[in-house]
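Coordinate analysis (summary)
Letter by letter, the chains look like this.
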Amino acid sequence: ILPARIIGVLITTFSLLGAIMIVCLHPAISLLIGHRLSDLAMVRSAYVGPVIYFVLIALLPRHGVLPFALLPLLATGVTALPHFRALFSRAQADHVQGEQLAIVAALESLPALYATPATSWAFAACIHRPGTVLIGCAVLPLTAMLLMWSCVPTRWA
């Protein structure tokens, strides 16, 4: 179990990496592939990193620098947020975008309300099996990714 000071450093590092990736990842990928990657493709692929992160953290020993070394994988999930907004703003007429983006902002704040207590409860319930909780953390974004790949129309791209 990580001490509180290490958890604070981990969260700060995650936030910094997320901010850097929001600014740099999309242009870098677009440069590598030779054309602009669509917002829908970025949203669909952004959660691959967190899924891999949670699975590896669940399966590998969690001591030492492993949580820090794999942190860029977790931070790739943050890159979806600006692309969500771009998709939503293109999906509606100009006169309803303010209302829609307010709803999106409210929905984005919901995980702050339920994710921390739910994760704390899950770790407390599975104190001797934290890998179970971490695999559960991987299943949630994996389910969301599968739904996005199958249900979201490609015309939004």
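Here the structure is shown first, and the text comes after it.
In this report, the structure presented in the accompanying data block is examined. (Residues numbered from 1 in each chain as written. Predicted model: local features only at pLDDT ≥ 70, side-chain atom pairs only at ≥ 80, totals over all residues. Heavy atoms only, no water.)

For the chain, the helix and strand inventory stands at 8 helices and 0 strands. With respect to the principal axes defined by its C-alpha atoms, the chain has extents near 50 × 35 × 30 Å. Taken over 157 residues, the chain has a buried fraction of 31%. The long-range fraction of contacts in the chain, counting pairs at least 24 apart against all pairs at least 6 apart in sequence, stands at 71%. (Helix = DSSP H or I, 4+ residues; strand = E, 2+ residues; numbered from the N terminus. Buried < 20%, exposed > 50% of the residue type's maximum accessible area, 1.4 Å probe, protein only. Contact = heavy atoms within 4.5 Å.)

For the rest of this paragraph, the subject is the environment of Leu134. Tracing the sequence through the fold places Leu134 in helix H8 (residues 130-151). Taking the C-alpha atoms as reference, Leu134 lies 12 Å from Ala118; in sequence the two are 16 residues apart.

Before going further, it helps to spend a moment on the nonpolar core. Among the nonpolar cores identified, the biggest contains 25 residues, and Tyr47, Tyr53, Phe54, Ile57 and Phe84 are the most heavily contacted of them. Per-element accounting of this core gives the leading share, 6 residues, to H8. Those residues within four positions of Phe84 in sequence are excluded, and the remaining contacts are Val43, Tyr47 and Met148. (Core = buried A, V, L, I, M, F, W, Y, C linked by side-chain atoms within 4.5 Å.)

Here we come to the side chain of Thr76. Checked against the element boundaries, Thr76 lands in the loop between helix H5 (71-75) and helix H6 (80-91). Classification of Thr76 as buried rests on a relative accessible area of 15%. Excluding residues within four positions of it along the chain, Thr76 makes contact with Met21, Leu25, Ala46, Gly49 and Pro50.

All right, on to the packing of helix H3 (residues 48-59) against H8 then. Two elements in contact, H3 and H8, have axes whose closest approach is 8 Å; the angle formed by their N-to-C orientations is 160°. In terms of axis orientation, H3 runs roughly antiparallel to H8. Regarding H3 and H8, the two cross each other, and that crossing is left-handed. Between H3, through Val48, Val51, Phe54, Val55, Ile57 and Ala58, and H8, the contact on the second element is made entirely by Gly131, Leu134, Ile135, Cys137, Ala138, Pro141, Leu142 and Met145. (Axes fitted to C-alpha atoms, helices over the stretch in contact; angles between N-to-C directions. Parallel < 35°, antiparallel > 145°, perpendicular 65-115°, else oblique. Left-handed = near helix turned anticlockwise from the far one by under 90°.)

Time to look at H6. Residues separated by three or four positions in an α-helix point in the same direction, a consequence of the helix having 3.6 residues per turn. The terminal C-alpha atoms of H6, which comprises 12 residues, lie 16 Å apart, in line with the 16 Å expected from a rise of 1.5 Å per residue. Among the residues of H6, those classed as buried are Ala80, His83, Phe84, Ala86 and Leu87. Along the axis of H6, the buried residues cluster in a sector spanning 165°; they form a single face. (Expected span 1.5 Å × (residues − 1). Arc of directions from axis to C-beta.)

Let us look at the environment of Ile135. Examined against the element boundaries, Ile135 turns out to sit in helix H8. By relative accessible area, which is 34% here, Ile135 ends up partly exposed. Along the backbone, Ile135 and Ala58 are 77 residues apart, and their C-alpha atoms lie at a distance of 6.3 Å. Excluding residues that lie within four positions of it along the chain, Ile135 makes contacts with Val55 and Ala58.

In total, this model carries 1 salt bridge according to the counting rule given. We note a salt bridge from Asp39 to Arg36, for which the minimum N-O separation is 3.5 Å. Since its relative accessible area comes to 54%, Arg36 is described here as exposed. (Salt bridge = Lys/Arg side-chain N within 4 Å of Asp/Glu carboxyl O.)

This part is about a nonpolar patch on the surface. Taken together, the side chains of Ile103, Leu107, Leu110, Leu113 and Tyr114 present a nonpolar region at the surface, about 530 Å² in accessible area. By secondary structure assignment, the location of Ile103 is in helix H7 (residues 97-125). Taking the relative accessible area as the measure of exposure, Ile103 reaches 46% and is therefore partly exposed. (Patch = residues over 30% accessible without salt bridge, like charges linked within 9 Å, V, L, I, M, F, W, Y side chains within 5 Å. Areas by Shrake-Rupley, 256 points an atom, 1.4 Å probe, with all protein chains shown as cover.)

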